[in-house]
Amino acid sequence: IAGITQAPTSQILAAGRRMTLRCTQDMRHNAMYWYRQDLGLGLRLIHYSNTAGTTGKGEVPDGYSVSRANTDDFPLTLASAVPSQTSVYFCASKNSKGTEAFFGQGTRLTVV
Amino acid sequence: AQKITQTQPGMFVQEKEAVTLDCTYDTSDQSYGLFWYKQPSSGEMIFLIYQGSYDEQNATEGRYSLNFQKARKSANLVISASQLGDSAMYFCAMREAGPTGTASKLTFGTGTRLQVTL
């Protein structure tokens, strides 16, 4: 693994189903983030994590949960998906100096 | 108020010409950082350039430079000698210090779509 990896790359999900989007980084960055990207709205922060064991809410946290059991992994869970959660989801991590922030390749999620 | 404003939804530039993509920001922090990202049609977010609020020199990375005007709170991206492969969405983002105990967050503008023409 080089950098930050997300899985799956795309998914069609029935409304009401539970889904976990995976994110793994190998840069030993403490800070990690989940964003969603919607047309005309740019990227909006869902949840973030300062370091392993801590998480916080972003701008649009409702319907999503995260965990940070270790430095490398930051999964995002939709407990009961709704069509408004159809979006492209990006995971990101930032170095401790705050001078670099890298993104995963994104997960395109469609909730039907 | 918007934290990051990109007023140009779309821009056209001819190949080999230079182009400036505008970004203004709003913060009361003394320490902050500004980022630019490129998002081609394939969808990935590519980190281009970073400028810290205390950096005295404008950041440069190859054909990319950041025209940082702190008093005006602007951080415009300049692409020199445009290439067809520069056609993409470009996002400006700002890192501010979060409240004590929280991670500093990246806030994004809505982006500018750049089209490079022959």
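A brief structural summary. (Residues numbered from 1 in each chain as written. Chains lettered and ligands numbered in written order. Predicted model: local features only at pLDDT ≥ 70, side-chain atom pairs only at ≥ 80, totals over all residues. Heavy atoms only, no water.)

## A look at the sheet that holds strand β3 (residues 19-25) of chain A
Residue and element names in this part refer to chain A.
- An order of β1-β3-β8-β7 is seen for the four strands of this open sheet, with the pairing classed as antiparallel. Because the sheet does not close on itself, it has two edges, and the strands there are β1 (4-7) and β7 (64-66). The sheet shows a mean angle of 20 degrees between the axes of neighbouring strands, direction not considered.
- In the sheet, β7 pairs with strand β8 (residues 76-78) via three bridges, with the strands oriented antiparallel. Across the sheet, the residue bridging to serine 65 is threonine 77, located in β8. (Pairing = 2+ DSSP bridges. Helix = DSSP H or I, 4+ residues; strand = E, 2+ residues; numbered from the N terminus. Axes fitted to C-alpha atoms, helices over the stretch in contact; angles between N-to-C directions.)

## What to know about the environment of Lys73(B)
Residues and elements named next belong to chain B.
- With respect to the helices and strands, lysine 73 occurs in the loop between β8 (64-69) and β9 (74-79).
- Assessed through its relative accessible area of 30%, lysine 73 is described here as partly exposed.
- Note: C-alpha distance between lysine 73 and alanine 59 (14 residues apart in sequence) is 15 Å.
- Excluding residues within four positions of it along the chain, lysine 73 makes contact with Cys23, Thr24, Tyr25, Asp26 and Thr27. (Buried < 20%, exposed > 50% of the residue type's maximum accessible area, 1.4 Å probe, protein only. Contact = heavy atoms within 4.5 Å.)

## A word on the environment of His29(A)
All names here are of chain A.
- One can find histidine 29 in the loop between β3 and β4 (31-38).
- C-alpha separation for the pair histidine 29 and threonine 71, spaced 42 residues apart in sequence, amounts to 7.1 Å.
- Sequence-distant contacts of histidine 29, that is, excluding residues within four places in its chain, are made with Arg68, Thr71, Ser93, Lys94, Asn95 and Phe102.
- Looking at histidine 29, its side chain comes within polar contact range of the side chain of serine 93, at 2.8 Å. (Polar contact = N/O pair within 3.5 Å; in protein donor to acceptor, adjacent residues only side chain to side chain.)

## Considering the packing of aromatic side chains
- For the coordinates displayed, the defined rule picks out 14 aromatic pairs over all chains.
- Where Tyr33(A) meets Tyr35(A), the ring centres are 6.2 Å apart and the plane angle is 35 degrees; that geometry is what we call tilted.
- Consider the rings of Phe102(A) and Phe47(B), whose centres lie 5.7 Å apart with planes at 85 degrees: the pair is edge-to-face. With Phe102(A) in strand β10 (residues 101-103) and Phe47(B) in strand β6 (residues 46-52), this pair bridges two chains.
- Residue class for Phe102(A) comes out partly exposed when judged on its relative accessible area of 26%.
- Judged by relative accessible area, which is 22%, Phe47(B) ranks as partly exposed.
- Among the aromatic residues, those joined into a cluster by ring pairs are Tyr33(A), Tyr35(A), Phe90(A), Phe102(A), Phe103(A), Phe35(B), Tyr37(B), Phe47(B), Tyr50(B) and Phe108(B).
- Looking at Arg63(B), its charged tip hangs above the ring of Tyr64(B), at a distance of 5.8 Å from the centre. (Phe/Tyr/Trp six-rings, centres within 6.5 Å; stacked < 30°, edge-to-face > 60°. Lys NZ or Arg CZ within 6 Å of the ring centre and 35° of its normal.)

## Thoughts on the interface of chain A and chain B
- At the interface, 23 residues of chain A touch 19 residues of chain B.
- Together chain A and chain B conceal approximately 1600 Å² of surface at their shared face, both sides included; 62% is due to carbon and sulfur atoms.
- The largest contributions to the chain A side of the interface with chain B come from Leu43(A), Tyr48(A) and Phe103(A), which together make up 26% of the buried area.
- Our enumeration of links across chain A and chain B arrives at zero salt bridges.
- Across the contact surface, chain A and chain B share four residue pairs in polar contact (both at pLDDT 80 or more).
- Listed by contribution, the elements that provide at least two residues to the side of chain A that touches chain B are β4, β5 (42-49), β9 (87-94) and β10 of chain A.
- The dominant element in the side of chain A that touches chain B, judged by the number of residues it contributes, is β5(A), at five residues.
- Of the residues that constitute the side of chain A that touches chain B, the class distribution is eleven nonpolar, eight polar and four charged. (Buried area = accessible area lost by both parts, 1.4 Å probe. Salt bridge = Lys/Arg side-chain N within 4 Å of Asp/Glu carboxyl O. Nonpolar A, V, L, I, M, F, W, Y, C, P; charged D, E, K, R; others polar.)

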